[in-house]
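Chain by chain, the residues run as shown.
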Amino acid sequence: MAWSRLLAWWRLCLGLLSVLVCLAPCVNLQPAENINYNLVHSWADKLGTELFHLGDFITRRKEVQESFKDAKVVSRNGASIVDSMAKEIEMMMDLKVSAVRRIMDTAENTALSHQNDMADKMFSYYSAKEMLEPGDPVPPIPTPAPDMDKDIGEPLIYVQPKVVVLEPRPEFHNTPVNFSVSSVHVPVNVFDRAPDVIKAIQWSENLDQIFRDNYKNDPTLSWQFFGSSTGFMRQFPASKWRKDVPVDLYDCRLRSWYMEAATSPKDIVILMDGSGSMLGQRLDIAKHVVNTILDTLGTNDFVNIFTFDKEVSPVVGCFEETLIQANLGNIRELKEGIESFKPKSIANYTAALTKAFELLEDTKLSSRGAQCNQAIMIIGDGAPENNREVFELHNWRDPPYKPVRVFTYLIGKEVANWDDIRWMACENQGYYVHLSDTAEVREMVLNYIPVMARPLVLGRHDHPVIWSQVYADIEDTKLSDYLWDINQCEYQKADVLEYWQVHDRMLEPNEMHRRKYRRMKETWNQPVDSNVYQFMTTVSMPIYDRRENATRIANILGVAGTDVPINEIKKLLSPFTLGVNGYAFIVTNNGYVLFHPDFRPIFQGYILKPSYNSVDMIEVELLDDDRPARDFNPVLMTIRDSIINQSTGSKWMLVKNHFDEMKRVARIKRQYYWTAIKKTPFTLVISYPEQYGVSHMDIRADQEIHRISIKGTNLRSVFSGKRWKIHPDWLYCKHSNRTFKTPEIELLYFLERMSEPGWRWPGSRSAMPPEHAAAMFSNNSSTGRYPSINEKESYYCDRQLMQALVFDARVTEGFSNTTSFNSKDDKGTSASSPIAVLMGLLPRNEFKQRFGVTVAFLATHSGLTRWHEFHSNAAEESGVGETFSQNNTRAIDEIWYKRAVDQHFVREESFVYSVPFDAGESNSEILVTASHAVFHNEGGKTAPAAVVGFQFQHSALYKLFHNITGNACAVDDKDCYILDNNGYVVISTRVHETGRFFGEVNGAIMKRLLEENVYKQVTVYDYQAVCFESKNDNNASSMLLSPIFHLLGVGKWLLHTALWYIVQLLQWAPGVSSHYADMYGDSNDTEPPPPEPHPEHHARNGNGHGKKDEDHWLRYLTLHRTRLKPCDMKRELYTLFKEKDNVVYNMTAHACERPFVVLPIPYSNLILLVIDQLCPRDGTVVLTVNPQPIDYHFSVNDSLACYKQAREFNRMRPHSCISRHANESGIKLCGKACSIYVNLGLLLLCHILSRWL
């Protein structure tokens, strides 16, 4: 009985259990328990192993590593390297100074010998804007004879343009040039037939011979020029003037190289009359005067602007008690301040002058500012008195010397009291100008330059050598604002046309956000290297009038100069000697970088940033110290002071290096060395990683080129075929008088030369200046001549780099041969690997189909890149290797090379995998790039020798991942991701997420990964960012000042009006609409169909508000116009923790408390992340790597310029300062009232258009 009862209970229990089992799928178990840790671990291991063996087989990395066994590893001597580089640059710069000095001497002697020549108004010259090329149509001679010019009272002069043959030359960036003559550029505000102008054009034509001689002595010379004080510029070689803007605004006298050579550094206080009479046109002229004065200042000058009525006020409130450096950012701030100024009441000249003198005195006593010339610029419509007592108190203490010059600008046509304001200038060694129209402003303002130059001219023999700050070769600094305005017009046009296609769907929040984000991404595009502009520095010298009677007026004839492209300086730095992730940069006396790998002067691919050339070195060298923005480390500040003081030193620092479009970051320890470039204001700094930069590879003596040539080795044979490239920016060997189509052709030419008897390695890559060479070598040469680079077969080489390149080519010669298939003894495979054996046995087409490999590549430390393609069959597929070789020729400078070397110290046996950012949004095939660093070890030292890698199709990687995981990641309850070491999606079940930052895909999980120390957040500050502030278009004065804005304003109005009528026409004419859609619609039909009209749209139509409804879209699509503004931003970037045994990788999923498993994928930089989708997801958490503005909590009237001014850095003043001369007191010329006839009707029309638009 007991047994029966027990059996019944047992059957009941089994029944209940079976019921529970049957009902189990319906029971809500803990969802995260569906993630099997061991299973995920096996996925990661299998995927990592298969990928590694694939890379091992494809790249033959062991074979490559073995090929470098004969090389040696030596220590890198940073102090010796920086000293050697500095001497190379010094020699090159001496060469440029020598050329400019010869131009200066020739110009002064030529002007002196032609002083009695008569001006020939019919003189014909090569006008850069008018000269013709053979075949160009000759403009007809005006008929009938030109009428009398009523303004100047004499016939208009017509001289037929001259014809010149121009040929594109690569050394001038393919600009068509002529090396026989020079061309002349005359600004629009200068009349080229005026006696003083045409006479200077006549005698300066004799400079062509010295231009040609200079170029013969140094074929590396760039543009040579003579900028005349009359306004024209003579440039060699001759070329046509290209226009960056619709109106030619270029005037050489406003360029930094001219201004800084013509005058020593200066402190200037500008006083602007704020009385009620300064209204209308007077105010417009006054603002134009201020803006022109500001345009003449450079980074070695200091300035401030005060307006005065009853009170004296700075135009920028935070600049009240100081003079600020005249860099682009501060000048922009002052211009914006003066733009909003409005006159008020009676002007107090006494208070304004007292304020100006006190500020200048305080600046000098506190050793701030320029500490050289000082001047006060007064702009007003008349002074009630001459304020003699103020000048006696402040400026006449040590007669006859007057430390502060006074320049006065009398504004207005009908002014009764002009004698007092003229007296102020004449009694204080200044200059007086009477201005009655905006057309004469520029020419009249520039009269202060010769006055400031008087001490230089009177000294005669001292010609300061001036090196300019880096600048772009554009015509006018306003180009950035112009291009940004044009860009906004294009946005407006695109919005209207898109609205016609999709209608109200475009106004949906998601669509508006998408459009805004897309445009913001365009502004974040900040390439370091760009072909849009050529960046350069210029060396220049003043040219004095040596005539005997010239001492009474101390006339400056102009400035001679030559450009030195930044890229030419970089070529002398020999990046090869610094190794991977090593770099060099130059710092000026102001602490600004002349160039730097993080110098990003443009945004959106083609627009210059507002303050692009005033980037301080501490703004690009970011210490890894977790300090807030602009709280710079004292150690870094001490290093900066040592650098600008041109000391020699070294230091190591922990830094944050961002790269790859500022979306990745590495935290490394770097060594820094610096030394001065003598006779210049520049200091050279080099830096390389301490972990792998302290040693480098070198060749043994028996591997040198001449030894292997003696053995009978054909040097050209190791560079056979077409599957190789050398670094396009490195200087291997350069011929001085010949150009080659490609660097590879030039290299082969020199390899042939090296095999010939009599080959000699040049002693230096830069030639010595001819006068130096003659002095040093005249006693050592039978001809008395030094074989400089003007010899017929002249050349220069980097011997160490060439030796390394030939060695690398020899040991890697077999890499470009296609990997063998169906071979059992391939040295590149691992015999113990079944997957490797399978790869070797697969037919070629099956191999390509299964693994999707397109190309394998190798790049060495000497800049050599080799590759071979993988094709589906024996016939080569066009475009595979060509695409790789076009985009990946920079060897150690490629991102995949740098990342592979860094990854070596995370795990030696591993590959770095990456996909393009936002690759999933592209319709093209996605390629995965894998790279692995090959290191060579010897005697306990290790150095990177090369990087091998391959590219394969993303679809093949996805298929491999799917085969390993089965359908486990394809169901709705799991999400599987493969992320790289910076948090970007490499694999996702949703392909469109490929390449996106994971924090934007699933911010909540990314936040958990941060909290669990899978990733670490690294804040990177961008001190070169650009922001956009609202722009007031109703200011008439700003538009009146520049013809650009008139053209732009009219164009905008016409465009807006035309688009309005087009939209209306298309809405009311279905036939036209359909025809337009057929012609310009999306041929791929990728746009989704328009949704139903918005309910509000029907409501407005139904209530009879048709007109209002037709216009509602304008409120949303009309752009809020902005202007560029320098600002600071930050990016939160991410990197994997480098701990190999991170405990987080041993943690299993636990319900919804931890709804994921994360594991490293071995032999790679990847992690595998599996997420349980059944757990609730917080969609409000979004982490982004996009830049975010930094909030400094400014007050209402403060700005970034104010913030930076309050934290001003030290600077080193230029060595040259010539501010006084004993004979200057004898010069009485101080200006007079002048009149100029203008077209008043045109001016009135411009004024009306400015107010209307």
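Calculation rules
- Residues numbered from 1 in each chain as written.
- Predicted model: local features only at pLDDT ≥ 70, side-chain atom pairs only at ≥ 80, totals over all residues.
- Heavy atoms only, no water.
- UniProt positions renumbered as here; feature names shortened; annotations may be inferred.
- Helix = DSSP H or I, 4+ residues; strand = E, 2+ residues; numbered from the N terminus.
- Buried < 20%, exposed > 50% of the residue type's maximum accessible area, 1.4 Å probe, protein only.
- Contact = heavy atoms within 4.5 Å.
- Areas by Shrake-Rupley, 256 points an atom, 1.4 Å probe, with all protein chains shown as cover.
- Pairing = 2+ DSSP bridges.
- Expected span 1.5 Å × (residues − 1).
- Arc of directions from axis to C-beta.
- Axes fitted to C-alpha atoms, helices over the stretch in contact; angles between N-to-C directions.
- Parallel < 35°, antiparallel > 145°, perpendicular 65-115°, else oblique.
- Left-handed = near helix turned anticlockwise from the far one by under 90°.
- Nonpolar A, V, L, I, M, F, W, Y, C, P; charged D, E, K, R; others polar.
- Phe/Tyr/Trp six-rings, centres within 6.5 Å; stacked < 30°, edge-to-face > 60°.
- Lys NZ or Arg CZ within 6 Å of the ring centre and 35° of its normal.
- Disulfide = S-S within 2.5 Å.
- Core = buried A, V, L, I, M, F, W, Y, C linked by side-chain atoms within 4.5 Å.
- Salt bridge = Lys/Arg side-chain N within 4 Å of Asp/Glu carboxyl O.
- pLDDT = per-residue confidence, 0-100.

The chain appears in an unreviewed UniProt entry as VWFA domain-containing protein from Drosophila gunungcola. Under Subcellular location (unreviewed entry), UniProt gives the following word-for-word description of the chain: "Membrane".

Trainee: How would you sum up the overall build of the chain? Please name residues and give values.
Mentor: Looking only at helices and strands, the chain has 38 helices and 42 strands in total. Residue burial in the chain is summarised as follows: out of 1253 residues, 55% are buried. Taking the intrachain contacts of the chain between residues at least 6 apart in sequence as the baseline, contacts between residues at least 24 apart amount to 77%. Carbon and sulfur atoms provide 53% of the accessible area of the chain, an area that totals close to 55,500 Å².

Trainee: Account for the pairing of strand 10 (residues 302-308), with residues named and values stated.
Mentor: Burial runs high along strand 10: seven of the seven residues are buried. Residues F302, N304, F306 and F308 point to one face of strand 10 and V303, I305 and T307 to the other, with burial holding for every one of them. Direction of pairing for strand 9 (residues 266-273) relative to strand 10: parallel, over a ladder of seven bridges. Across the sheet, residue I270 finds its bridge partner in strand 10, namely I305.

Trainee: Describe helix 17 (residues 509-523), naming the residues involved and giving the relevant values.
Mentor: In an α-helix, one full turn covers 3.6 residues, which means residues spaced three or four apart are oriented alike. Compared with the 21 Å implied by 1.5 Å per residue over 15 residues, the 21 Å span of helix 17 between its first and last C-alpha is a close match. Three or more residues of helix 17 are buried, namely E511, R515, R519 and T523. Buried residues along helix 17 cover an arc of 125° about the axis, so they all sit on one side. Turned more than 90 degrees away from the buried face of helix 17 sit P509, N510 and H513, all of them exposed.

Trainee: So what's going on with the packing of helix 2 (residues 37-59) against helix 29 (residues 954-965)? Residues and values would help.
Mentor: Running from N to C, helix 2 and helix 29 point in directions that differ by 140°, and their axes come no closer than 10 Å. Taken as axis vectors, helix 2 and helix 29 run oblique relative to one another. Here helix 2 runs over helix 29; the crossing is right-handed. Residues W43, K46, L47, E50 and L51 of helix 2 touch helix 29, and the partners they reach there are L957, L960, F961, I964 and T965. Split by residue class, the contact of helix 2 with helix 29 holds seven nonpolar, one polar and two charged.

Trainee: I'd like to hear about the environment of L608, residue by residue, with values.
Mentor: For L608, the position within the fold is in strand 23 (residues 607-608). On the accessibility criterion, L608 (2% relative accessible area) is buried.

Trainee: Could you give an account of the packing of aromatic side chains, naming the residues involved and the relevant values?
Mentor: To describe a pair of aromatic rings, one takes the distance between the centres and the angle between the planes. Taken as a whole and assessed by the stated rule, the structure comprises 55 aromatic pairs. Taking 6.0 Å as the distance between ring centres and 75° as the angle between the ring planes, the aromatic pair formed by F226 and F232 counts as edge-to-face. Exposure remark for F226: the relative accessible area of 0% places this residue in the buried category. Take F232: its relative accessible area is 0%, and that puts it in the buried class. Pairwise contacts between aromatic rings join F52, F911, Y913, F950, F952 and Y1163 into one cluster. Here the basic side chain of R907 rests over the ring of Y1163, its NZ or CZ set 4.3 Å away from the ring centre.

Trainee: Describe the pairing of strand 37 (residues 985-988), and please don't skip the residues or the numbers.
Mentor: Relative to strand 37, strand 36 (residues 974-979) is paired through three bridges, and the arrangement is antiparallel. Of the residues in strand 37, the one forming a bridge with Y977 is S988. From the end of strand 36 to the start of strand 37, which pair antiparallel, there are five residues, and G983 there has a positive phi angle of about 90°.

Trainee: Mind laying out the state of the cysteines, listing which residues take part and the relevant values?
Mentor: Throughout the structure, instances matching the rule amount to seven disulfides. Sulfur-sulfur distance for the disulfide between C372 and C1217 comes to 2.0 Å. Across the S-S bond linking C372 and C1217, the dihedral sits near 105°, which makes this disulfide right-handed. Of the two residues, C372 sits in the loop between helix 10 (349-365) and strand 13 (373-380) while C1217 sits in the loop between helix 37 (1200-1205) and helix 38 (1240-1252), which places them 845 residues apart along the sequence. Overall, C372 belongs to the buried group, its relative accessible area being 4%. Between the sulfur atoms of C733 and its disulfide partner C797 the distance amounts to 2.0 Å. The chirality of the disulfide connecting C733 with C797 is right-handed, given an S-S dihedral of about 115°.

Trainee: Can you explain helix 5 (residues 195-204)? Please cite residues and give values.
Mentor: The buried fraction of helix 5 is high, at seven of ten residues. Along helix 5, the positions that sit buried rather than exposed are V197, I198, A200, I201, Q202, W203 and S204. Tucked inside the fold, the buried residues of helix 5 contact helix 4 (78-113), strand 6 (183-185), helix 6 (208-217), strand 7 (224-228), strand 8 (233-236) and strand 19 (556-565).

Trainee: Tell me about the sheet that holds strand 26 (residues 683-689), and please be specific about residues and values.
Mentor: If you walk across this open sheet you meet the five strands as 21-20-26-25-24, and the pairing is antiparallel. Taken across any chain shown, the strands that pair with only one partner, and hence form the sheet edges, are strand 21 (593-595) and strand 24 (649-659). This sheet shows a mean twist of 35° between the axes of neighbouring strands, independent of strand direction. Two elements, strand 20 (residues 583-587) and strand 21, share two bridges in a ladder whose sense is antiparallel. Opposite V587, over in strand 21, you have V593 as the bridge partner. Packed onto the sheet, helix 19 (residues 634-644) meets strand 20, strand 24, strand 25 (664-676) and strand 26 and runs at close to 115° relative to strand 24.

Trainee: I'd like a rundown of the nonpolar core, residues and numbers included.
Mentor: Core analysis: the largest hydrophobic core is formed by 257 residues, its most contacted members being Y409, Y448, F998 and L1009. With residues near it in sequence (within four places) discarded, Y448 still touches M259, K266, I268, T296, L297, M377, F407 and Y409. Core analysis: the second largest hydrophobic core is formed by 45 residues, F576, M754, F857 and I892 among them.

Trainee: Could you give an account of the packing of helix 22 (residues 743-754) against helix 24 (residues 799-811), with specific residues and numbers?
Mentor: Where helix 22 contacts helix 24, the two axes come as close as 13 Å, and the packing angle between them is 95°. Taken as axis vectors, helix 22 and helix 24 run roughly perpendicular relative to one another. The segment helix 22 lies against helix 24, with L747, L751 and M754 engaging M802, L805 and V806. In terms of residue class, the contact of helix 22 with helix 24 is made up of six nonpolar, no polar and no charged.

Trainee: Describe the sheet that holds strand 41 (residues 1167-1172), naming the residues involved and giving the relevant values.
Mentor: Across the sheet, four strands lie side by side as 37-36-41-40; this open sheet has antiparallel pairing. Of all strands in the sheet, those bounded by a partner on one side alone are strand 37 and strand 40 (1156-1160). Strand after strand, the sheet turns through a mean of 20° between neighbouring axes, direction not considered. Both strand 36 and strand 41 contribute to a ladder of six bridges, which runs antiparallel. Of the residues in strand 41, the one forming a bridge with D975 is I1171. Sheet strands in contact with helix 2 are strand 36, strand 40 and strand 41, and its direction is about 30° off that of strand 40. Most of the contacts of helix 29 go to strand 37, to which it runs at about 55°, and overall it touches strand 36, strand 37 and strand 41.

Trainee: So what about the pattern of salt bridges? Which residues, and what values?
Mentor: For the structure on display, the rule yields 61 salt bridges. Across the pair R253 and E443 runs a salt bridge whose closest N-O atoms are separated by 2.8 Å. In this pair, R253 sits in the loop between strand 8 and helix 7 (256-262) while E443 sits in helix 13 (residues 441-445), placing the two residues 190 residues apart along the sequence. As a salt-bridge pair, R397 and E361 come within 3.3 Å of each other at their nearest N and O atoms.

Trainee: Give me the lowdown on unusual backbone geometry, citing residues and values where you can.
Mentor: Here the amide bond leading from F236 into P237 is cis, since omega sits at -5°, within 30 degrees of zero. In this structure, Q604 is a non-glycine residue whose phi angle is positive, near 55°. Inspection of the secondary structure assignment puts Q604 in the loop between strand 22 (602-603) and strand 23.

Trainee: I'd like a rundown of the environment of P601, residues and numbers included.
Mentor: Here P601 shows up in the loop between strand 21 and strand 22. According to the relative accessible area criterion, P601 is buried, its value standing at 3%. Here the alpha-carbon distance between P601 and F535, two residues 66 residues apart in the chain, equals 9.5 Å. Apart from the residues lying within four places of it in its own chain, the contact partners of P601 are F535, I607, L608, K609 and Y612.

Trainee: Go over the side chain of N1186, please, and point to the residues and values.
Mentor: Within the secondary structure, N1186 is located in the loop between strand 41 and strand 42 (1188-1189). Ignoring anything within four residues of it in the chain, the contact list for N1186 reads Y517, W524, E1000, K1130 and R1131.

Trainee: Quick one: what's the story with the confidence of the model for the chain, residue by residue and with numbers?
Mentor: When pLDDT is averaged along the chain, the result is 83, and 80% of the positions lie at 70 or above. Long-range and interchain partners of residues 775-792, a stretch whose pLDDT sits below 50, account for 25 contacts in this model, where long-range means more than four residues apart. Considering only residues more than four positions removed or in separate chains, one finds that residues 1033-1047, a stretch of pLDDT under 50, has 34 contacts.

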